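Architecture at a glance
Listed below are the residues making up each chain.
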Amino acid sequence: MVWLERPGSPNPLDEVLLDRLAIAAAVAVERYGPAHTTMADPALVELVVSCDGDEAARARALRLLGFAADLPVHVIAVRSQLPFDRIGALVCPARPVKAAPLADVGVILAAAIDPAGFPKDVRAGIGAAESPGRSWRQARTALRFTTPREPVIRYDDLGALALLVEIPPDTSRDNTDVAAIARVVGNPEDLETLDAYWTTGSQRRVADLLHLHHSSVARRLEQIGKTLGIELADPTGLLRARIALTAWRLLND
């Protein structure tokens, strides 16, 4: 860190001078390349993904992080015990990519993403390559929808399901279907079966995934349907169960 100090009282041109110094530093980074590390200053990353930051400051921060002005930037929200810089290097092996902790999650800024590069047990939400501030909001939303079966989710793939985060928590808790889900989640086998069924839409595929006989899956789904008061064999009933389970997970995220 470098401290700059000059004698005398504050001058109206101080901010202009600091701005020129920031631009000079950014030019040096662009000319000689970013440091050979994926970890970044959390303050710079926070400035990039801030919803309220001004665009000039955001652009300077991106340049200091090694991102050219015309380069698209995806923002990824990550929960993992692994170092965030290691994850960033795996999902974006060709630089630039930067990572830093922010609040209770990790932030990865990447020009391109290979979803297959995420290690096992990493939960990640991926925002679109739009404004970094908007992409960060999308990434955090997508992260909330991740499950052990779907640990990595792109915001764009959520579609209308993303609207569930806008529902007030009390409204979700008072819903009959959501309340019924609480009676199922206490049994891990039932929860796994229900999750697999609405993911695949096929009892036979559930049987293959869970290594069960088809008739065992059918009986288990019938019992789950009775517990929920929903006919799971009906497309509308399955949709209700999926929405209820997703809403329950968002409540308990």
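Right, let's walk through the structure included here.

Cut-off values and rules
Residues numbered from 1 in each chain as written. Predicted model: local features only at pLDDT ≥ 70, side-chain atom pairs only at ≥ 80, totals over all residues. Heavy atoms only, no water. Helix = DSSP H or I, 4+ residues; strand = E, 2+ residues; numbered from the N terminus. Contact = heavy atoms within 4.5 Å. Pairing = 2+ DSSP bridges. Axes fitted to C-alpha atoms, helices over the stretch in contact; angles between N-to-C directions. Expected span 1.5 Å × (residues − 1). Buried < 20%, exposed > 50% of the residue type's maximum accessible area, 1.4 Å probe, protein only. Polar contact = N/O pair within 3.5 Å; in protein donor to acceptor, adjacent residues only side chain to side chain. Core = buried A, V, L, I, M, F, W, Y, C linked by side-chain atoms within 4.5 Å. Arc of directions from axis to C-beta. Parallel < 35°, antiparallel > 145°, perpendicular 65-115°, else oblique. Left-handed = near helix turned anticlockwise from the far one by under 90°. Nonpolar A, V, L, I, M, F, W, Y, C, P; charged D, E, K, R; others polar.

As for the side chain of threonine 246
By the element assignment, threonine 246 lies in helix α12 (residues 235–251). The contacts of threonine 246, once residues within four sequence positions are left out, are Phe145, Leu164 and Trp198.

Describing the sheet that holds strand β4 (residues 123–126)
Spatial strand order, β2-β3-β1-β4-β5: 5 strands in an open sheet with mixed pairing. Across the chains shown, the open sheet's two edge strands, defined by having one partner strand only, are β2 (97–102) and β5 (152–154). Between one strand axis and the next, the sheet turns through 20° on average, direction left out of account. With 4 bridges connecting them, strand β1 (residues 74–79) and β4 associate as antiparallel partners. Among the inter-strand pairings, arginine 79 is bridged to a residue of β4, identified as arginine 123.

So, the environment of threonine 38
With respect to the helices, strands and loops of the structure, threonine 38 is situated in the loop between α1 (14–32) and α2 (42–49). Along the backbone, threonine 38 and phenylalanine 84 are 46 residues apart, and their C-alpha atoms lie at a distance of 8.6 Å.

Here's the deal with helix α9 (residues 188–200)
In this model, α9 (13 residues) spans 18 Å end to end at C-alpha, consistent with the 18 Å of a helix rising 1.5 Å per residue. All of the buried residues along α9 are Asp190, Leu191, Thr193, Leu194, Asp195, Ala196, Tyr197, Trp198 and Thr200. At the N-terminal end of α9, a side-chain oxygen is found 3.0 Å from the backbone nitrogen of glutamate 189, two or three residues along, and the residue is asparagine 187.

Thoughts on the nonpolar core
As a rule of thumb, nonpolar side chains are buried together in soluble globular proteins. Grouped together as the largest cluster of nonpolar side chains are 24 residues, with contacts concentrated most on Ile181, Leu194, Leu228, Leu232 and Leu245. Looking at this core, the elements with two or more residues in it are α8 (176–181), α9, α10 (203–210), α11 (214–228) and α12. Look past the residues within four positions of isoleucine 181 in its chain and what remains in contact with it is Leu194, Leu228, Ala241, Ala244, Leu245 and Trp248. Judged by nonpolar contacts, the second largest core, of 19 residues, contains Leu65, Phe67, Val73 and Leu143.

Some remarks on α11
With 15 residues, α11 extends 21 Å between its outermost C-alpha atoms, agreeing within 8% with the 21 Å of an ideal straight helix rising 1.5 Å per residue. All of the buried residues along α11 are Val217, Arg220, Leu221, Ile224, Gly225 and Leu228. The buried residues of α11 occupy an angular sector of 140° when projected down its axis, which confines them to one face. Pointing more than 90 degrees away from the buried face of α11 are the exposed residues Arg219 and Lys226. Tucked into the core, α11 has its buried residues touching α8, α9, α10 and α12. In the segment just after α11, glycine 229 is the residue with positive phi, at about 75°.

A look at the packing of α9 against α10
For the pair α9 and α10, the least separation of the axes is 9 Å and the interaxial angle reads 130°. Of the possible angle classes, the one that applies to α9 and α10 is oblique. Along this stretch, α9 crosses α10, giving a crossing that reads as right-handed. Across from Glu192, Thr193, Ala196, Tyr197 and Thr200 in α9, the residues of α10 making contact are Gln203, Arg205, Val206, Leu209 and Leu210. The class makeup of the residues in the contact of α9 with α10 is 5 nonpolar, 3 polar and 2 charged.

Some thoughts on the pairing of strand β3 (residues 105–110)
Where burial is concerned, most of β3 is hidden: 6 out of the 6 residues are buried. Residues of β3 alternate between two faces, with Val105, Val107 and Leu109 on one and Gly106, Ile108 and Ala110 on the opposite face, all of them buried. Taking the residues between adjacent antiparallel strands as the criterion, β2 and β3 are bridged by 2 residues, where alanine 103 takes a positive phi near 60°.

Observations regarding the environment of valine 206
With respect to the helices, strands and loops of the structure, valine 206 is situated in helix α10. Distance from valine 206 to glutamate 192, taken between C-alpha atoms, is 9.5 Å for residues 14 residues apart in sequence. The contacts of valine 206, once residues within four sequence positions are left out, are Thr193, Ala196, Tyr197, Thr200 and Val217.

Overview of the packing of α2 against helix α3 (residues 55–64)
At a minimum axis distance of 8 Å, the contact between α2 and α3 shows a crossing angle of 135°. Judged on the interaxial angle alone, α3 and α2 are oblique. Taken as a pair, α2 and α3 cross one another with a handedness that is left-handed. Contacts between α2 and α3 involve Leu44, Leu47, Val48 and Val49 on the former and, on the latter, Ala57, Arg58, Ala61, Leu62 and Leu64. Residues that form the contact of α2 with α3 fall into these classes: 8 nonpolar, no polar and 1 charged.

So yeah, pure geometry; function would need other evidence.
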